[in-house]
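Descriptive structure summary
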Amino acid sequence: MALRDSGTGRIIRRYSNAELEDMANLMRGYNLVALCAAGSGHAGGTLSIMDIAAALYLHAAEHDPANPSWPDRDRIVWSAGHKAPALYVALGAAGYFPLDDVVTLRKLGSPFQGHPHWLKLPGVEVSTGSLGQGLSIAVGMALAAKMNSQRHKVFCLMGDGEQQEGQVWEAAMEAGHFHLDNVIAIVDCNRLQIDGWVKDVMSVEPLEAKYASFGWQTMRINGHDMGQIVDALDAAKKTAGAPVVILAETIKGRGVSFMENQAGWHGKGPNRTELDAALAELGLTVKIPVDQLLERANAFQRKADRTLQDSMPHFSRDYWWNATETMKVAMEPTRKGFGQSLARNGDDERIVCLGLDISASITISDFYASKPERAKRWINMGIAEQSATSAAAGLAREGKLPVLGSYATFSAARNLDQIRVSVCYSNLNVLIAGAHGGVSVGPDGATHQALEDLFAMAGLPNMAVVVPCDSIEARKATDYLLLRHKGPKYIRFAREATPVVTSESTPFVFGRANAIRMRREALRFVDSFETQLAETYLDEGEDLTLIALGPMVAEAMRAACILKLDYGYETRVLNLHTLKPLDTEAVIRAALETGAIVTAEEHQIGALAWRVSSVLTESPRLYGVPVITGSIGVNDRFGESGAPWELVKTLAVSAEHIAMKALELMALKKETAAHPVAAM
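What you are looking at is a predicted structure, and each value in this text was computed from that prediction instead of being measured.

**Here's the deal with the sheet that holds strand β15 (residues 464–466)**
What the 7 strands build is an open sheet, ordered β12-β11-β13-β14-β16-β15-β22; its pairing is mixed. Of all the strands in the sheet, just β12 (378–380) and β22 (578–580) have a single pairing partner and so form its edges. Each neighbouring strand pair of the sheet contributes to a mean axis angle of 20°, computed without reference to strand direction. For strand β11 (residues 351–355) and strand β13 (residues 401–407), the ladder comprises 4 bridges, and the chain directions are parallel. Each residue of the ladder has a partner; that of C353, found in β13, is V403.

**Notes on helix α16 (residues 416–424)**
Turning to α16, its buried residues are I419, V423 and C424. For α16, the arc enclosing every buried residue in end-on projection is 70°, short of the 170-degree limit, so these residues lie on one face. Looking at the buried side of α16, the elements it contacts are α14 (385–397), α15 (408–414), β14 (431–435) and α17 (453–458).

**A word on the pairing of strand β8 (residues 217–222)**
Two elements, β8 and strand β9 (residues 244–249), share 6 bridges in a ladder whose sense is parallel. Its bridge partner being in β9, Q217 is matched across the sheet by V244.

**Side note on the pattern of salt bridges**
Inspection of every chain in the model, using the stated rule, returns 41 salt bridges. As a salt-bridge pair, D527 and R524 come within 2.9 Å of each other at their nearest N and O atoms. Here the residues in one salt-bridge network are R517, R519, E530, D539, E540, E542, K564, E570, R572, R589 and E593, joined through shared partners.

**Concerning helix α23 (residues 655–674)**
With 20 residues, α23 ought to run about 28 Å at 1.5 Å a step, and its terminal C-alpha atoms sit 28 Å apart, in line with that. Buried residues of α23: A655, E656, H657, I658, A659, A662, L663, L665 and M666, and no others. Where α23 is buried, its residues contact β20 (544–548), α19 (552–567), β23 (596–604), β24 (628–634) and α22 (644–650).

**Brief notes about the packing of aromatic side chains**
Tallied over the entire structure, the rule returns 15 aromatic pairs. Summarising the aromatic geometry, the rings of F97 and F112 are spaced 5.1 Å apart at their centres and angled 70° between planes, so their arrangement reads as edge-to-face. With a gap of 15 residues between them, F97 in the loop between α4 (84–94) and α5 (134–147) and F112 in the loop between α4 and α5 connect regions that are remote in the sequence. Here F97 matches F112 in class, with each residue buried. A ring pair is formed by Y368 and W378, whose centres lie 4.8 Å apart and whose planes are at 35°; its orientation type is tilted. On the criterion of sequence distance, the pair formed by Y368 in the loop between α13 (359–362) and β12 and W378 in strand β12 is long-range, its members being 10 residues apart. Under the relative-accessibility criterion, W378 is labelled buried at 14%.

**Re the packing of helix α1 (residues 17–38) against helix α3 (residues 50–60)**
Two elements in contact, α1 and α3, have axes separated by 9 Å at closest approach and are oriented at 120°. Relative to α3, the element α1 is oriented oblique. Two packed elements cross with a definite hand, and for α1 against α3 that hand is right-handed. Contacts between α1 and α3 pair L20, M23, A24, M27, R28 and N31 from the former with M50, D51, A53, A54, A55, L58 and H59 from the latter.

**Here's the deal with the nonpolar core**
If you look at the biggest cluster of nonpolar residues, it comprises 74 residues, and the most contacted ones within it are L32, L56 and I246. Of all the elements, α1 adds the most residues to this core, at 11 residues. The residues touching I246, leaving out its near neighbours within four places in the chain, are I184, A185, I186, V187, M219, I221, A232, L233 and A236. Counting residues in each nonpolar core, the second largest holds 49 residues, with V439, L544, V553 and L665 among its members.

**What about unusual backbone geometry?**
For the bond from E205 to P206, the omega torsion is 5°, close enough to zero to count as cis. Going from K580 to P581, the amide bond is cis rather than trans, its omega being 5°. Tracing the chain through its elements places P581 in the loop between β22 and α20 (584–594). Look at N261: it is not a glycine, yet its phi comes out positive at around 60°. Within the element layout of this structure, N261 appears in the loop between β9 and α10 (272–282).

**Overview of the side chain of S528**
When you line up the elements, S528 lands in the loop between β18 (514–518) and β19 (529–533). Among the residues examined, S528 registers a relative accessible area of 0% and is labelled buried. From its side chain, S528 meets the backbone nitrogen of A522 in a polar contact 3.2 Å long. If we ignore the near neighbours within four places in the chain, the residues touching S528 are M327, R517, M518, R519, R520, E521 and A522.

The rules behind each value
- Residues numbered from 1 in each chain as written.
- Predicted model: local features only at pLDDT ≥ 70, side-chain atom pairs only at ≥ 80, totals over all residues.
- Heavy atoms only, no water.
- Pairing = 2+ DSSP bridges.
- Helix = DSSP H or I, 4+ residues; strand = E, 2+ residues; numbered from the N terminus.
- Axes fitted to C-alpha atoms, helices over the stretch in contact; angles between N-to-C directions.
- Buried < 20%, exposed > 50% of the residue type's maximum accessible area, 1.4 Å probe, protein only.
- Arc of directions from axis to C-beta.
- Contact = heavy atoms within 4.5 Å.
- Salt bridge = Lys/Arg side-chain N within 4 Å of Asp/Glu carboxyl O.
- Expected span 1.5 Å × (residues − 1).
- Phe/Tyr/Trp six-rings, centres within 6.5 Å; stacked < 30°, edge-to-face > 60°.
- Parallel < 35°, antiparallel > 145°, perpendicular 65-115°, else oblique.
- Left-handed = near helix turned anticlockwise from the far one by under 90°.
- Core = buried A, V, L, I, M, F, W, Y, C linked by side-chain atoms within 4.5 Å.
- Polar contact = N/O pair within 3.5 Å; in protein donor to acceptor, adjacent residues only side chain to side chain.

Structure follows, in C-alpha cells:
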C-alpha cells in the first residue's frame, strides 16, 4: 500500500509515520503560500484535512504519478472540492508535478482551479465543487469496479457540514445496499462550516449510528494523529463485505493558532503578514522559499495579464473602468442592495428568511443582523438547498413570505425540481435569490459560476425573473418582489463590486425597461447618461440599440460611450432588468426605430438573446422590417478560475466586445442601406 511503479510493481517509496507528519507539515506551508499568492481560497478546511491527505497519497493509496490513468490505481474523490489546495499539494508531494507549481493556484490559465477539474490536471479523478455529490460518484466508480472484477478501492473525502446534503444519504444507502466494500469514505469532522458550528447550524450527529444503520463499518479517529490515521486506512482497505467510513475528528485551521477553530477562515487565504506568522508557527520559515514562490506566482500573473490584454479589442484610448480622469464610477457589490432591502422591510411578521450556509456573503443575514427580535424568523437550513426550497413552499402555503438564497448555481439548479413542483406548480409566494451570479465568484471556478441559471428560471411557468444592474436597483427590485409581487420570484445578482449606474431617482418599474442615452463625457460616468422609462422615451433616431440586464447594463453603457466618442454612433441602451415578464413593447420599438439590436448578457447566450429574438420574430409589426441582430454572452462553455474582471474579458462579455459586435452590425446596416437588393 503505497506509491507504486505500475510497470514494474515496485514500491516507489515507503514513508514512516514521522516522515508523513513532516510531509503534512510541509504541505500545510505550501498550501498557505499558494492561498496567499491567490489572494483567496479556503485555509481552514485545507489545514484540517492535510494529515489525512498526506497519509492517503503517500501511504495508503495505490497510485503511480508517472501513470495517472493506471487502471488498477485506487481512486480518490474530493467531494469537498473547496479543499482542492490540499489535493494539489498532496499530488505535488507524491510526484505528479513539482510542488512549487501549486503557487499558481486560482490564477487565470492555471490547472490548479479553485475547485478540482480532472480535465485540467492529471491525478485529479473527477471534477467536484457542489457539495454532496462526491459519494454518489464514488458509488458509481465502485459499482464499475465490481462489474469489471477490479480490486482497487475508491476513497471519498467529505466534510461534516457536507453531511447536511440529502444526496449524501442516498449514496450511503446505495453503498450499504450493494455491499460496496471497495468504498472508503473519510469525513473531515472539523465541526465548523461557513455559518458557524455545525452543531448549531444543522446538527449531523450521530454520524456513526447513521452510517451504521445503512450497513457501513464505522471508525472514529483523531484526524491529526498520524498513527491513528495510518492504522484506520490500513484497516479500511482490508474490510470485506461492507463500505467503511472513517470519521476523523480534526481542528479547522490546524497548525496555525489564529486560524484554529475560526469559522471566518473557512473561505479566506492569508495575506503576507499572516503567511509569515503562520509559517513561523509551523517551523517552515527557512524551509520554504516564500519570496521565490510568490515571485513565480506574480510572473505567471503578469504573463496572463499580457496575453489577456493582447486578446482584447482596442480603440483610440483605454475606456476601461476608471482608467482615465473622466467618466469615474463608484463600485459596490450588487448583493448589498438585497441585504439592505431585507433589513429595511424585515419588520413585516410574515417575512421568514432561510439560510443556506453562505448567509453573510449573500447578505441575507442582514435581515436579522441588527434586529435580534427577528431571530425567530431566521431559519438556518445548512447545506440543504433542495429541502429548504420545499420547506419555503410549505411556509408560503401557510401565509408566510419566505426568502432563501445561495450561490445561483445552487439556489436555481441543485433544487430545480423542487422549485418547479413545490413552488411554481403551486404558484406559491417564494422569493429565491440567485446570489454570486455570472462570473463574479471568479477564482472559485466553473462549479460556482452560474452561467445557466436564467435558462431554468425563465423557463418555469409562474416564475418572475429580475436581474438588477447595480446595488441600488437590487434594493428596489427586492423591495418590490418581497412585498408587492405575489407568486414565485427569482432575483439574480453578483458578488463582485460592479459599477453603480443608477440613483435613487432612476425609475424602477417591474416588467418595464429603462431607456438610457449617453449625452456627454463627464467627470462622473453616471452623469454622462440620462435614464427614463422606455415607454415614455421618444425616438431620437439612434443608430442602434444595446439590450442588456444585470452587470452587463453598465458594460452596454460603456460600449455606448466607445461607439459615440470613437465612431460618432448614437446608441439606445435598454436596461431589461425584468427578464420575465419581458417588456416586449420596448424591444419592438427599438427594432422599428433603430433597425439594429445587440443583446448583452453575463450568461450562456440565449437567456436574454433568445427571448429578444422571439419577440422580433413573432411581432406582426416587424414583418417585412429589416432588423439586424447580434448577441454577446458566454459562448457555450464553462467558466474557469480567474479574477472576476479577468473573466469578463476572457469570456468576451466586456464593453469592448459589445462595441465590436455593434460595429459589425453597423457595417452590415450601411451595406444593406446602400445596396438593399444585393443584400437580400
